[in-house]
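# What the coordinates show
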Amino acid sequence: MRDVGRLLRRQPLGAAGGLIVFVLIAVAVLAPRLAPHGPKEASFAPYLPPSVEFPMGTDQVGRDVMSRVIWGARLSLYVGLVSVVFGITAGSLWGAVTAYVGGATDIGSQRIVDAVMALPPIILALALMAALGQSVNNVILALVVLLTPTAARTIRSVALGVVASPYMEAARAVGASRWRIISRHLMPNCLAAYIVLVTTNVSYAIVVEASLSFIGAGAPPDEPSWGGMLTAGIQAIETAPWMIFFPGLSISLAVFGLNLFGDSIRDVTDPRLRGGLG
Amino acid sequence: MGSYVVRRLLLFIPALIGASILIFVLMRLVPGDIAEILVYQTGSETSGVQQKQIQQIRQELGLTRPVIIQYLSWIGGAARGDFGKSYTQRRPVWDILRERFPRSMELAILTLVLALIWAIPLGVISAVHQNGALDYVARIASLSGLSLPLFVTGALILYGLVRVFHWIPPLEFVPFSEDPVENLKQLIWPALAQAYYISAPITRLTRSQMLEVIRQDYVRTARAKGLAERAVVYRHALRNSLLPVVTFVGWWGGRLLGGLVIMEIIFVVPGMGTALVQAVSQRDYPTVQAMVFVMAVVFLVVNLVVDLIYIWLDPRIHYA
C-alpha cells in the first residue's frame, strides 16, 4: 500500500497510465461478459445512431458497435502482447548472442538488420500479410518480423558494453562455459533494456495492427479490429460518425495509457533517465 | 571524412540487396499472379483456354524462369536505372515513379516543416517553464499527439472538413507548378495530421535536451555576463540541444515516404503509398519492387546526410 502511495506521488502520470492499462486488460478479459452482443452478430438494422439499446450505435451491416469495441480490446491486447513478447524476446536473444560471439557472425547479422530496417515498416507488413494471407495470427507473425531486428539492434548495443566489462573477463578467466556466461552474466545485465523494449513496444504493435486493418491488410474484415472499424466509419463519415468516434477513442485511450505506463517503467528501471523524458 | 562517406556508401549495397531480395521473395509468395488476375478478369469460356492464356502471359513476362534468374535480371536492370514495365499500367515503371515520387516528396517536406515549426518552440517553452503549468500543457499535448494513431487524427480532420466546410478530397491531383493554392489546399490537411503525430517525439526530445543543456556552466556564464534571457535560451542553449534532435528528425524524414501511406489513402493523394498498396493487391511485381527500392534508397541517403550534418554541426565529433 505504501508502494502504491509512493508511485502516485513520484509518477502521477505513470499511475494514471497504469489505471488505463488495468481497465483495458479487464475489458479484454471480461469481453464475453461485458459485451451485450457477439462481435460478428449482424442481426440489427444498419446505421442506427447511439441509443439506450445501442449506446454506440450500429454499423454498416447492423452489428452493435459497443460489442465490437469491447471485443476489439481483446483483439488489440492479444496481438500487441503476443507479438511483442515473441518479437522482442527473439530479437534480444539474437542481439545478445551475436554481440558475444562477435566477428563475422556479428557483422553478417547487422547487415540483415540493416536490410529489414531499410524497408518502411508498414510496407513490409503489407507485403508480409499479402504473402501469408489475412488472419489474426499472421498479423502477429508480421509484427514479430518488424520487431525482431529493432530489438536485436538495441540489445546488441547494450550487450557490447556488457561484454567489454571486467566481470565478463573475470567469468571467462575462471573458466565459465560460454553458455553459462551468456545465460548467467550477459542476459541478466540486458534485462532492464529488455523490459523497456517490451513495455514501450506494446502500443506500437497495437497501432500497427490497427493500421494494417485500416488499409485492408490486417485481420479479416469481420474481426472486431479498431482499425478496421475506423475504415468502415470513414466510408460512412457523413451519415454515421459514431462509427469513427468510439473505435477511435478506444484505441487512442489504450495507446495513451500504455505510453504513460511504459514511460514511467522506463524512468524507474533506468536511473539515468529518471525524471528526464516525459 | 572522405573514407567515412565511402564506407557508409559501401554499406548501402548489402542493405539494398537484402531489402530487395526480401520484397522480391515475399511478392512471389503472394498467392495468385498477374497472369491469373488478367485472365480471370476477362472471363474466357473454358478452363483449358484460360490455362493456355495464363501460361502465355507468364512466358511473356518471364515469370516461368527460376526465381533466382528473375531476381538477377531485375537487379541488373535496376542497377542501370531500368525498373522494367508495370504489368497493369503497361508503361515503364520509371514513368509512374516520375509522376508519383514528387507528390509524396512534397507531402513529406511539408509535413516535416510543419512539425518542426511547432515542435521545437513547444519543447523550448516546456523546458524553460519546467514543471510549471505551461510545461504540463505542452507535455500532455505532445503525448496525446503520440497516442492518437495517424488514421484517427486523419479521420477526425476529414470529418471536421466534411461537416464544417463540406469539403471532400478532390479526385484530381493539382501539381504545385500548375496551381500552388489548389495544391496546398489538398496537401495541407494530411501534412498537418502527420505533422502532429511526428511532432510529439521531437517536442519531448527538445525538452529533455534543453533541460540538460540549460544546467551547463556555459549557460550560467552567459547569464552571469548579463545577456538577455532570450539570447541565453535561443543563442546558447537551444543551438546546443538541437544535435540529437537533428538525428531523430532525419530518421523520421527517411521513414516518411513509406509512412505517408495512411494519409494518402484517407485524403486521396495519388502518391507512392497509394500506388504501392494498389500494386501489391494487383501483383504488379515491377512497380512494388521499384517503389520499395526507391523508398529504401531515400531512407539510407537521408540517414547518411543527417550523420554528415551532425559532424558539421558538432566539431567535437570525428568519424575516422
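Look up a bit, the structure's there.
Anyway, here's the lowdown on the structure attached to this text. (Residues numbered from 1 in each chain as written. Chains lettered and ligands numbered in written order. Predicted model: local features only at pLDDT ≥ 70, side-chain atom pairs only at ≥ 80, totals over all residues. Heavy atoms only, no water.)

## Some remarks on the overall build of chain B
Each helix and strand in chain B was counted, giving 13 helices and zero strands. In sequence order, chain B lays out its α and β elements as α-α-α-α-α-α-α-α-α-α-α-α-α. Its C-alpha atoms put chain B at 90 × 55 × 35 Å along the principal axes. Residue pairs at least 24 apart in sequence account for 73% of intrachain contacts in chain B once pairs closer than 6 positions are excluded. A distance of 8 Å separates the average location of the 28 positive side-chain charges in chain B from that of its 20 negative side-chain charges. (Helix = DSSP H or I, 4+ residues; strand = E, 2+ residues; numbered from the N terminus. Contact = heavy atoms within 4.5 Å. Lys, Arg positive; Asp, Glu negative; His and termini not counted. Charge placed at Lys NZ, Arg CZ, Asp CG, Glu CD.)

## What to know about the pattern of salt bridges
Residue and element names in this part refer to chain A. Using the criterion set out here, one finds 17 salt bridges over all chains in the structure. As a salt-bridge pair, Arg 153 and Asp 114 come within 3.0 Å of each other at their nearest N and O atoms. Remark: Asp 114 occurs in helix H5 (residues 103-118) and Arg 153 occurs in helix H7 (residues 136-163); sequence separation between them is 39 residues. A network of salt bridges, in which partner residues are shared, links Asp 59, Arg 63 and Arg 68. (Salt bridge = Lys/Arg side-chain N within 4 Å of Asp/Glu carboxyl O.)

## Some points on the packing of helix H9 (residues 178-214) of chain A against helix H11 (residues 242-269) of chain A
Residues and elements named next belong to chain A. Their axes nearest at 8 Å, the elements H9 and H11 cross at an angle of 165°. With respect to H11, the element H9 is oriented roughly antiparallel. Crossing of H9 against H11: the hand is left-handed. When H9 is examined against H11, the residues Ile 195, Val 196, Thr 199, Thr 200, Val 202, Ser 203, Ile 206, Val 207 and Ala 210 are found in contact with a partner set consisting of Ile 251, Val 255, Leu 258, Asn 259, Gly 262, Ile 265, Arg 266 and Thr 269. Across the contact of H9 with H11, the residue classes break down as 10 nonpolar, six polar and one charged. (Axes fitted to C-alpha atoms, helices over the stretch in contact; angles between N-to-C directions. Parallel < 35°, antiparallel > 145°, perpendicular 65-115°, else oblique. Left-handed = near helix turned anticlockwise from the far one by under 90°. Nonpolar A, V, L, I, M, F, W, Y, C, P; charged D, E, K, R; others polar.)

## Remarks on empty space enclosed by the protein
Residues and elements named next belong to chain B. Applying the stated rule across the entire model yields three cavities of 30 Å³ or more. Estimated volume of the largest cavity: approximately 60 Å³. Along its surface, the largest cavity is lined by Thr 88, Gln 89, Ala 275, Gln 278, Ala 279, Gln 282, Asp 284 and Thr 287. When residues in the lining of the largest cavity are grouped by element, the largest group, three residues, is from helix H12 (residues 272-281). A class-by-class count of the residues in the lining of the largest cavity yields two nonpolar, five polar and one charged. Looking at the second largest cavity, its volume works out to about 50 Å³. Element by element, the count of residues in the lining of the second largest cavity is highest for helix H13 (residues 285-313), at four residues. Grouping the amino acids of the lining of the second largest cavity by side-chain chemistry returns seven nonpolar, two polar and no charged. (1 Å grid on protein atoms, 1.4 Å probe; cavity = no way out; pocket = protein on both sides within 12 Å on 5 of 7 lines; lining within 4 Å. Points joined across faces, edges and corners; volume = space filled by probe spheres on them.)

## Focus: the packing of helix H4 (residues 65-101) of chain A against H9 of chain A
Residue and element names in this part refer to chain A. Where H4 contacts H9, the axes come no closer than 7 Å and their chain directions differ by 145°. Considering only the axes of H4 and H9, their crossing is right-handed. Among the residues making up the contact of H4 with H9, the classes are represented as 20 nonpolar, six polar and two charged.

## A closer look at the nonpolar core
In terms of nonpolar packing, the biggest core is built from 167 residues, with Leu 186 and Ile 215 of chain A together with Phe 151 and Ile 266 of chain B touching the most fellow members. Broken down by element, the residue count for this core peaks at 15 residues, all from H9 of chain A. Sequence-distant contacts of Ile 266 of chain B, that is, excluding residues within four places in its chain, are made with Phe 214 and Ile 234 of chain A together with Phe 151, Gly 154, Ala 155, Leu 158 and Pro 169 of chain B. (Core = buried A, V, L, I, M, F, W, Y, C linked by side-chain atoms within 4.5 Å. Buried < 20%, exposed > 50% of the residue type's maximum accessible area, 1.4 Å probe, protein only.)

## Structural notes on unusual backbone geometry
Residues and elements named next belong to chain B. Here the phi dihedral of Asn 131 falls at roughly 65°; this positive angle occurs in a residue that is not glycine. Relative to the elements of secondary structure, Asn 131 occurs in the loop between helix H5 (93-128) and helix H6 (133-147). Judged by its relative accessible area of 52%, Asn 131 falls in the exposed class. Positive phi, close to 60°, is recorded for Arg 283, a residue that is not glycine. Considering the arrangement of structural elements, one finds Arg 283 in the loop between H12 and H13. Residue Arg 283 is classed as buried on the basis of its relative accessible area, which comes to 16%.

## Focus on the interface of chain B and chain A
Contacts between the two partners involve 42 residues from chain B, matched on the other side by 43 residues from chain A. Between chain B and chain A, a total of about 3900 Å² is buried, with carbon and sulfur atoms accounting for 78% of that surface. Three residues stand out in chain B for area buried against chain A, namely Phe 151, Tyr 159 and Arg 204 of chain B, and they jointly supply 15% of the buried area on that side. For the pair chain B and chain A, the interface holds zero salt bridges. Our count for the contact surface shared by chain B and chain A stands at four residue pairs in polar contact (both at pLDDT 80 or more). (Buried area = accessible area lost by both parts, 1.4 Å probe. Polar contact = N/O pair within 3.5 Å; in protein donor to acceptor, adjacent residues only side chain to side chain.)

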